[in-house]
There are 2 protein chains.
Amino acid sequence: MDQHYSSELFEQAVDEFSKLPGIGRRSAVRLVLHLLRMDVGSVDRFASSLTRLRHDVCYCRVCHNISDTDVCQLCSNPLRDRSTVCVVENIQDVMAIEATGQYHGLYHVLGGVISPMDGIGPNDLQIQSLVERVEAGGVNEVILALSSTMEGDTTNFYISRRLAGCTGLRLTMLARGLSVNDELQYTDEVTLGRSLQNRVEFSVGV
Amino acid sequence: MDQHYSSELFEQAVDEFSKLPGIGRRSAVRLVLHLLRMDVGSVDRFASSLTRLRHDVCYCRVCHNISDTDVCQLCSNPLRDRSTVCVVENIQDVMAIEATGQYHGLYHVLGGVISPMDGIGPNDLQIQSLVERVEAGGVNEVILALSSTMEGDTTNFYISRRLAGCTGLRLTMLARGLSVNDELQYTDEVTLGRSLQNRVEFSVGV
């Protein structure tokens, strides 16, 4: 369906928007029409923020999270607890944990999980740099916060073996159990079994 | 919920995307992550197409549709039938009619419809320029292709009065009736009544 617009520039902008994930041609037209109504300064600001994003964002030398500088804002923040490192798959996971407001330590972004099916081995991930980071000292606890999938479990296991030599290091993983507001009867049996195995002392207020 | 990202540039890009209609914060994050994975050239092309769109798109002097030049591609196309002018509310309507592939005349974009509730009178729309265009000669038919709402009907009526002096001009409007694939029992009574009133001769192949 080769639709003809009266403006090439309009057509190009629609094409560009349509390339983004989850944006169809109809939405693209709607967005471009909106841009046409926005004032020039706002559109320029939008466009330049995209260019600067792609050109200037780099990856933190320490934790491999996205950053504007050699070492990211989280790693260089003196208020964060430097003795705890939370290992995650990707930068979205950092955002998800930050959104809880419950974690004040540092992160380590692996860039994925071990997945032989997809050809991803330990050397494709930031595991060696994690080991070096822990061996350099100052880290008391490593929290494994990977997805609770087969691949996540494999990666957890691999990392635990690599860090086995670090005496005094506490290695923890995220609790598995019922989601908050889950109804028992609809919880899958594996999760329910795990939540029974890992039951904790009941105390008022928890 | 003031979420903190490890990159200011990332945050800015997410903010800018969130300002667009229908794009929430979650979608904005997803889009920005996608841009980070795109190659530099593509992102630059995307950004520059937005800037050029906003700076260089203008409105056609003749039909007021969006255009890259003083007179748009449709108005300057020698293959289009210059004796027929289709009056529409906005540029989306031009696209909708072009998408049918059934119309080969020219357009006239009013920029809205008469709506006293919204404070839009005839002088806020491109009606005077339509009258001048028709009076200049060469136009045999004006098709009123406005929405079938109270405001659309009011605007149709106003335009028909303004063009009443043009002798030999055929003034038509879009047919109202059942949508293709509509089931009779679910069609509203006003539309059904109209489709009965405006019934046409049955012929095989229509």
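Residues numbered from 1 in each chain as written. Chains lettered and ligands numbered in written order. Predicted model: local features only at pLDDT ≥ 70, side-chain atom pairs only at ≥ 80, totals over all residues.

To go from the first copy of the chain to the second, apply a rotation about an axis and then a shift along the same axis. For the pair chain B and chain A, the relating rotation is 180 degrees, the translation along its axis is 0.1 Å, and the fit reaches an RMSD of 0.1 Å. Given the turn and translation reported, the copies of this chain are related as if by a two-fold rotation axis. Among all residues of chain B, the minimum C-alpha distance to the rotation axis is found for Ala-47 of chain B, at 2.3 Å. The fraction of interface residues of chain B whose copies in chain A are also interface residues reaches 100%, indicating that both copies meet through the same surface. (Least-squares fit on C-alpha atoms with pLDDT ≥ 70 in both. Contact = placed C-beta atoms within 7 Å.)

Here we take up the pairing of strand E3 (residues 81-88) of chain A. Residue and element names in this part refer to chain A. The pairing of E3 with strand E4 (residues 105-109) spans five bridges and is classified as parallel. Pairing of Val-88 across the sheet is with Val-109, part of E4. Following the backbone out of E3, through helix H4 (residues 91-100) and into the adjacent parallel E4, one traces a crossover that is right-handed. (Pairing = 2+ DSSP bridges. Helix = DSSP H or I, 4+ residues; strand = E, 2+ residues; numbered from the N terminus. Right-handed = clockwise from strand over helix to strand, strands pointing away.)

With that settled, consider the sheet that holds strand E5 (residues 141-144) of chain A. Residues and elements named next belong to chain A. The strand order across the open sheet built from four strands is E4-E3-E5-E6, with neighbouring strands paired in parallel fashion. Strand pairing shows two members of the sheet lacking a second neighbour, E4 and strand E6 (170-173), which therefore form its edges. Each strand of the sheet is rotated relative to its neighbour by a mean of 25 degrees, with strand direction disregarded. One ladder, built from four bridges, connects E5 with E6; its direction is parallel. For Val-142, the partnering residue across the bridge sits in E6 and is Leu-171. The strands that H4 touches are E3 and E4; relative to E3, the one it contacts most, it runs at about 125 degrees. (Axes fitted to C-alpha atoms, helices over the stretch in contact; angles between N-to-C directions.)

Residues and elements named next belong to chain B. Where strand E3 (residues 81-88) meets strand E5 (residues 141-144), four bridges bridge the pair, whose relative direction is parallel. Counted as the bridge partner of Val-87 is Leu-144 from E5. A crossover links E5 with its parallel partner strand E6 (residues 170-173), the connecting element being helix H6 (residues 150-162), and its sense is right-handed.

Okay, the domain arrangement of chain A next. If you check the domain split of chain A, you get domain 1 (79-174) and domain 2 (177-206). Here domain 1 of chain A and domain 2 of chain A have C-alpha centroids that lie 24 Å from each other. (Domains from an automatic or database assignment.)

Another aspect to go through is the packing of helix H3 (residues 40-56) of chain A against helix H1 (residues 8-18) of chain B. Two numbers describe how H3 of chain A lies on H1 of chain B: the axes approach to 9 Å, and their chain directions differ by 145 degrees. Relative to H1 of chain B, the crossing made by H3 of chain A is left-handed. Together, Arg-45, Phe-46, Ser-49, Leu-50, Arg-52, Leu-53 and Asp-56 of chain A of H3 of chain A and Leu-9, Phe-10, Gln-12, Ala-13 and Glu-16 of chain B of H1 of chain B make up the contact between the two elements. Its residues assigned to classes, the contact of H3 of chain A with H1 of chain B shows six nonpolar, two polar and four charged. (Left-handed = near helix turned anticlockwise from the far one by under 90°. Nonpolar A, V, L, I, M, F, W, Y, C, P; charged D, E, K, R; others polar.)

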